[in-house]
Amino acid sequence: MSESQKTAVIFGLANKRSIAWAIAQKLHQAGWRLAITYQNERLEQEAKDLIADLPGASGFMCDVSSDEQIAKLFDELKARYGVLSGIVHSVAFAPAEELKGEFVNTTREGFRIAHDISVYSLIAVSRSAAPLMTAGGGIVTLTYYGAEKVVPKYNVMGVAKAALQATVRYLANDLGPKAIRVNAISAGPIKTLAARGISNLGDMLKAHAERAPLKRNVDPGEVGATAAFLLSEAGSGITGETIFVDCGYNIMGF
Ligand code: NAD
Ligand code: 0WE
């Protein structure tokens, strides 16, 4: 099957700054047919206006905390496209209070929600997608360095991203025999809706640019291009990995 006939589903479009949008643009340029999901009615208008700019792309609503909504989405995708070859999971959430104080104050409910939305959803989506990925394909999710080293205030999201990266390895083992590859991209900090809550985002971006070998911040288009690479034939030997797209920040010790 040529790349121009393949279909990818992207989860996590909120607005034009979303990493999901940068990935959608790169996949569209590479010839993919796209199904793009947004969380709820509140985001519907903005998402649909963006999706209308990509010929052949369609929008679908899906809250990934709902098994029913995931099942209904994949019923629709099966009827509409039959075969899927790419899945992009660009979704994360923890209650705002959890990203403010100290990690030691993480609540049971905050921990549950962060892991449900940011980690379990990848398992649920992968399980629903696999039967439609009859020609093999790729699944890509988004992670952050706070999974591996302490980033103050990232808190329970850091623990959830560590679980997400382990989930990628276990899914890669299960789905590898079906020629489905599963990888994570660890992106450097980017000014998106999900990063808006950070009080000192400006300072963080500045420190990141100073310390990273490339002496700048990552561009969302670079994350999009890496996702397109991982879902393409060029990525055919890569599975279970976390690939850093952070201008080299993570390699530095001092
Ligand atoms: P974003 O706010 O644009 O995207 C997050 C998306 O998650 C939104 O579209 C939101 O609607 C969606 N979402 C939250 N709860 C959901 C639910 N219950 N059901 C369905 N969708 C839900 O921000 P972003 O920065 O593009 O984040 C995308 C991914 O990239 C996240 O996994 C994030 O952790 C990761 N990431 C972001 C950065 C950064 O600095 N911005 C760096 C590394 C990794
Ligand atoms: O993964 C993320 C952010 C994820 C996120 C963001 C929010 C803000 C709004 C999850 N849940 C929520 N809940 C909300 O109510 N990033 C990698 C961006 C990010 O967030 C940080 C960072 C960075 C970088 C939080 C603290 C410190 C650094």
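Each remark here, short or long, concerns the structure printed above.
Right, let's walk through the structure included here. Quantities reported herein were computed from a predicted structural model and do not represent experimental measurements. Per chain, residues are indexed from 1 in the order of the written sequence. Chain A is the first chain written and ligand 1 is the first ligand written, with later ones labelled in order. Local features are withheld for residues below a pLDDT of 70 in this predicted model, meaning they are given only at 70 or higher, and side-chain atom pairs are given and counted only at 80 or more; totals for whole chains, interfaces and linings count all residues. Heavy atoms throughout the structure, all of them, feed into the side-chain values; hydrogens and water do not.

What to know about empty space enclosed by the protein
Buried and open spaces are told apart on a 1 Å grid over the protein atoms alone, a cavity being a set of points where a 1.4 Å probe fits but cannot get out and a pocket being an open set with protein on both sides within 12 Å along at least five of seven lines. Residues with an atom within 4 Å of a point are the lining residues. Grid points are joined across faces, edges and corners, and a volume is the space filled by probe spheres set on the points. Evaluated as defined, the whole model comprises one cavity of 30 Å³ or more. In terms of lining residues, the largest cavity is bounded by Tyr144, Tyr145, Ser186, Ala187, Gly188, Pro189, His208, Phe244, Asp246 and Tyr249. Note that Gly is not counted as nonpolar here; it falls among the polar residues with everything else outside the nonpolar set of Ala, Val, Leu, Ile, Met, Phe, Trp, Tyr, Cys and Pro and the charged set of Asp, Glu, Lys and Arg. Of the residues assigned to the lining of the largest cavity, the class counts are six nonpolar, three polar and one charged.

What to know about the pairing of strand β5 (residues 137-143)
Burial of β5 is extensive: seven of the seven residues sit out of reach of the surface. Think of it in three bands: residues with accessible area under 20% of the maximum for their type are buried, residues over 50% are exposed, and the middle band is partly exposed, with areas taken using a 1.4 Å probe on protein chains only. Secondary structure counts use DSSP, requiring at least four H or I residues in a row for a helix and at least two E residues in a row for a strand, with both numbered from the N terminus. Here β5 shows a buried face lined by Gly137, Ile139, Thr141 and Thr143 and a second buried face lined by Gly138, Val140 and Leu142. Strand pairing is defined by DSSP finding a minimum of two bridges between the two strands. Two elements, strand β4 (residues 86-89) and β5, share four bridges in a ladder whose sense is parallel. Of the residues in β5, the one forming a bridge with Gly86 is Gly138. As paired elements, β5 and strand β6 (residues 180-187) share seven bridges and run parallel to each other. Bridging across to β6, Gly138 finds its partner in Arg181. Seen with its strands pointing away from the viewer, a crossover is right-handed when the path leading from the first strand over the helix to the second is clockwise. In this fold, the crossover linking β5 to β6 by way of helix α5 (residues 155-175) has right-handed handedness.

Thoughts on the site of ligand 2
In the region of ligand 2, 13 residues are neighbours, and Phe93, Ala94, Tyr154, Ala194 and Ile198 sit closest. A 3.5 Å cut-off defines polar contacts: any pair of N or O atoms within that distance qualifies, except that in protein one atom must be a possible hydrogen donor and the other a possible acceptor, and neighbouring residues in sequence count only when both atoms are side-chain atoms. Between ligand 2 and Ala94 there is a distance of 2.7 Å, counted from a nitrogen atom to a backbone nitrogen or oxygen. Residue Tyr154 places a side-chain N or O atom 2.7 Å away from an oxygen atom belonging to ligand 2. For ligand 2, whose unbound accessible area comes to 590 Å², protein coverage reaches 86%. Taken together, the residues of the shell around ligand 2 break down into 11 nonpolar, no polar and two charged. Whether a residue is near a molecule or strand depends on its heavy atoms: it is near if one of them lies within 4 Å of it. To be clear on the numbers: accessible area is Shrake-Rupley with a 1.4 Å probe, and residue cover counts the displayed protein chains and nothing else.

Concerning the site of ligand 1
Every one of the 26 residues lining ligand 1 counts as a neighbour, but Ser18, Ile19, Lys161, Ile190 and Thr192 are closest to it. At 2.9 Å from an oxygen atom of ligand 1 is found a side-chain nitrogen or oxygen belonging to Lys161. Take Ile190: an N or O atom from its main chain is 2.8 Å from an oxygen atom of ligand 1. Residues of the shell around ligand 1, tallied by class, amount to 17 nonpolar, seven polar and two charged.

Observations regarding unusual backbone geometry
Its identity is not glycine, yet Ala179 carries a phi of approximately 60°, on the positive side. On the secondary structure map, Ala179 appears in the loop between α5 and β6. Of note, the phi angle at Cys247 is positive, near 60°, even though the residue is not glycine. By relative accessible area, which is 7% here, Cys247 ends up buried.

A look at the packing of aromatic side chains
Note on aromatic contacts: the rings of Phe and Tyr and the six-membered ring of Trp form a pair at centre separations within 6.5 Å, being stacked when their planes are under 30 degrees apart, edge-to-face when over 60 apart, and tilted otherwise. Taken as a whole, this structure holds four aromatic pairs when the rule is applied. Consider the rings of Tyr144 and Tyr154, whose centres lie 4.9 Å apart with planes at 75°: the pair is edge-to-face. Of this pair, Tyr144 sits in the loop between β5 and α5 while Tyr154 sits in the loop between β5 and α5; the two residues are 10 residues apart in sequence, bridging distant segments of the chain. For the pair shown, Tyr144 and Tyr154 are each scored as buried. Relative to Phe244, the ring of Tyr145 lies with its centre 6.3 Å away and its plane at 75°, an arrangement referred to as edge-to-face. Linking Tyr145 in the loop between β5 and α5 with Phe244 in strand β7 (residues 242-245), this pair joins segments that are 99 residues apart in sequence. Here a set of aromatic residues connected by ring pairs shows up, and it is made of Tyr145, Phe244 and Tyr249.

Focus: the sheet that holds strand β2 (residues 33-38)
The strand order across the open sheet formed by seven strands is β3-β2-β1-β4-β5-β6-β7, and the pairing between neighbours is parallel. Taken across any chain shown, the strands that pair with only one partner, and hence form the sheet edges, are β3 (58-61) and β7. Across the sheet, the axes of successive neighbouring strands diverge by a mean angle of 20°, strand direction being ignored. Relative to β2, strand β1 (residues 7-11) is paired through five bridges, and the arrangement is parallel. In the strand pairing of β2, Ala8 is matched with Leu34. Any two residues whose heavy atoms approach within 4.5 Å at even a single point are treated as in contact. Angular values range over 0 to 180 degrees, each being the angle between N-to-C directions of two axes fitted as lines to C-alpha atoms, with helices fitted over their stretch in contact. Packing of α5 onto the sheet brings it into contact with β5, β6 and β7, and relative to β5 it is tilted by some 170°. The sheet strands contacting helix α7 (residues 220-231) are β4, β5, β6 and β7, and the helix crosses β6 at an angle near 165°.

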